[in-house]
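Here is how the chains run, residue by residue.
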Amino acid sequence: MSLIKSPEQIDKIKRSARILAYTLRCLQRTVRVGVNLLDLEKLTRSKIENAGGIPAFLDYLPYGAKESFPFALCASLNNTIVHGRPFNYLLKEGDLLKLDLGVNWHGGISDAAITVPVGRISEQEKKLIRTTREALFAGIKVSRPRNTVGDIGYAIQRVALRADIAVVDGLTGHGVGVAIHEDPAIYNFGVPGEGAELKPGMVLALEPMTTLGASRIKKLADDSYVTFDGSKSAHFEHTILITKGKPLILTR
């Protein structure tokens, strides 16, 4: 699979990204105390399908997973970092909810995530969310031709470390566009100048994942990942296009 997308492929990815961004905005406006996670799943499916897209996560089998993912939305609560499954749960004051989804529009695939606080949260949790978002945009800023995935990881890690926030172990960003997960893997730490070189036409999903506690994680039986020490986590993600100049955020 080529890392460089054709103009036709890029147009399809852009269309899927617009559907995804709209769906995430709708979800974010809906999140509040008392909302059921299953209702967020229904909203995700309806918004994507009504716009002519297909939920890219639905029935997707990630590498290493035991079974296909049976939902359109990853809804990960508190210490669950990613791949959380919606279930019959009413959101509570102080929850940190990670919303992660993908959209397929005629073969063009995008991927994005946000962390949404439910009601009042602590100052430390606000800092966690703010830092993770800032780390994402730091990674995006250096996503230019002739830089590398090591430059992206270094930029993300630097923001987190300055704020005394841990980047979780073992989970990465990735290429995207024709499949949900493509090369290259984009670690949230790195050495400047190392790794795959960025070139115009690459489409990447950058996604820092952080925690207030230690970086160690564990995988549960349902294929979700949680912090090993039970600390709360945050996750932000955008699909971006590498251009000859500044990167283009497709899922803004």
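Note: the structure precedes this text.
Residues numbered from 1 in each chain as written. Predicted model: local features only at pLDDT ≥ 70, side-chain atom pairs only at ≥ 80, totals over all residues. Heavy atoms only, no water.

So, on to the environment of Val-116. By the secondary structure assignment, Val-116 is in strand S5 (residues 108-117). Linking Val-116 and Gln-28, residues 88 residues apart in sequence, is a C-alpha distance of 6.8 Å. Among residues more than four places away in sequence, those in contact with Val-116 are Gln-28, Val-31, Asp-95, Leu-96, Leu-97 and Leu-99. (Helix = DSSP H or I, 4+ residues; strand = E, 2+ residues; numbered from the N terminus. Contact = heavy atoms within 4.5 Å.)

Where helix H3 (residues 123-141) contacts helix H4 (residues 149-162), the axes come no closer than 8 Å and their chain directions differ by 155°. By the angle class used here, H3 and H4 are roughly antiparallel. Relative to H4, H3 is oriented so that their crossing is right-handed. For the pair H3 and H4, contact is made by Thr-131, Glu-134, Ala-135, Ala-138 and Gly-139 and by Ile-152, Ala-155, Ile-156, Val-159 and Ala-160, respectively. Broken down by class, the residue content of the contact of H3 with H4 amounts to seven nonpolar, two polar and one charged. (Axes fitted to C-alpha atoms, helices over the stretch in contact; angles between N-to-C directions. Parallel < 35°, antiparallel > 145°, perpendicular 65-115°, else oblique. Left-handed = near helix turned anticlockwise from the far one by under 90°. Nonpolar A, V, L, I, M, F, W, Y, C, P; charged D, E, K, R; others polar.)

With respect to topology, three strands assemble into an open sheet ordered S3-S12-S11, the strand pairing being antiparallel. In this open sheet, the two edge strands, each paired with only one partner strand, are strand S3 (80-82) and strand S11 (217-219). Ignoring which end each strand starts from, the neighbouring axes of this sheet average 35° apart. (Pairing = 2+ DSSP bridges.)

Relative to each other, helix H1 (residues 7-30) and helix H2 (residues 37-50) sit at 150°, their axes nearing to 10 Å. The orientation of H1 relative to H2 falls into the category roughly antiparallel. Relative to H2, H1 is oriented so that their crossing is right-handed. Two secondary-structure elements touch here, H1 through Ile-19, Tyr-22, Thr-23, Cys-26, Leu-27 and Thr-30 and H2 through Leu-40, Leu-43, Thr-44, Lys-47 and Ile-48. Among the residues making up the contact of H1 with H2, the classes are represented as seven nonpolar, three polar and one charged.

What follows covers the environment of Gly-230. Here Gly-230 lies in the loop between strand S12 (225-227) and strand S13 (233-235). A sequence separation of 11 residues divides Gly-230 from Leu-241, and the C-alpha atoms of the two residues are 35 Å apart.

What describes a pair of aromatic rings is the distance from one ring centre to the other and the angle between the planes of the rings. The full count for this structure, using the stated rule, is three aromatic pairs. Plain terms: the ring middles of Phe-69 and Phe-71 are 5.9 Å apart, the flat faces sit at 65° to each other, and that makes the pair edge-to-face. Residue classification places Phe-71 among the buried residues on the basis of a relative accessible area of 17%. The residue whose ring lies beneath Lys-218 is Phe-228, and the NZ or CZ to ring-centre distance is 5.5 Å. (Phe/Tyr/Trp six-rings, centres within 6.5 Å; stacked < 30°, edge-to-face > 60°. Buried < 20%, exposed > 50% of the residue type's maximum accessible area, 1.4 Å probe, protein only. Lys NZ or Arg CZ within 6 Å of the ring centre and 35° of its normal.)

When you line up the elements, Leu-38 lands in helix H2. With sequence-adjacent residues up to four places away left out, Leu-38 is seen in contact with Pro-86, Phe-87 and Asn-88.

This part covers the sheet that holds strand S7 (residues 173-175). Ordered by their spatial adjacency, five strands build an open sheet running S8-S7-S9-S14-S15, and the pairing between neighbours is antiparallel. Two strands in the sheet have a free side with no partner beyond their single neighbour: strand S8 (182-186) and strand S15 (248-249). The strands touched by H3 within the sheet are strand S9 (203-206), strand S14 (238-241) and S15, with S14 carrying the most contacts at an inclination of about 10°.

What follows concerns the nonpolar core. Of all hydrophobic cores here, the largest spans 51 residues; its most connected members are Leu-40, Leu-91, Leu-97, Leu-99 and Leu-204. Of all the secondary-structure elements, those providing two or more residues to this core are H1, H2, strand S2 (73-77), strand S4 (96-105), S5, H3, H4 and S9. Sequence-distant contacts of Leu-91, defined by excluding residues within four places in its chain, comprise Val-31, Arg-32, Val-33, Gly-34, Val-35, Leu-37, Leu-40, Leu-77, Leu-97 and Val-118. Ala-56, Phe-69, Ile-109 and Ile-180 belong to the second-largest nonpolar core, a separate cluster that totals 15 residues. (Core = buried A, V, L, I, M, F, W, Y, C linked by side-chain atoms within 4.5 Å.)

Another aspect to go through is the pairing of S8. Relative to S8, S7 runs antiparallel, the two sharing two bridges. The partner of Gly-175 across the bridge, within S8, is Glu-182. Counted between consecutive antiparallel strands, the loop separating S7 from S8 contains six residues, among which Gly-177 sits at a positive phi close to 140°.

Of the two faces of S14, the one holding His-238 and Ile-240 and the one holding Thr-239 and Leu-241 are both buried throughout. Taken together, the four bridges between S9 and S14 define a ladder with antiparallel strand orientation. Each residue of the ladder has a partner; that of Leu-206, found in S14, is His-238. Pairing of S14 with S15, which is carried by two bridges, proceeds in the antiparallel orientation. The residue of S15 that forms the bridge with Leu-241 is Leu-248. In this antiparallel pair of consecutive strands, S14 and S15, the connection spans six residues.

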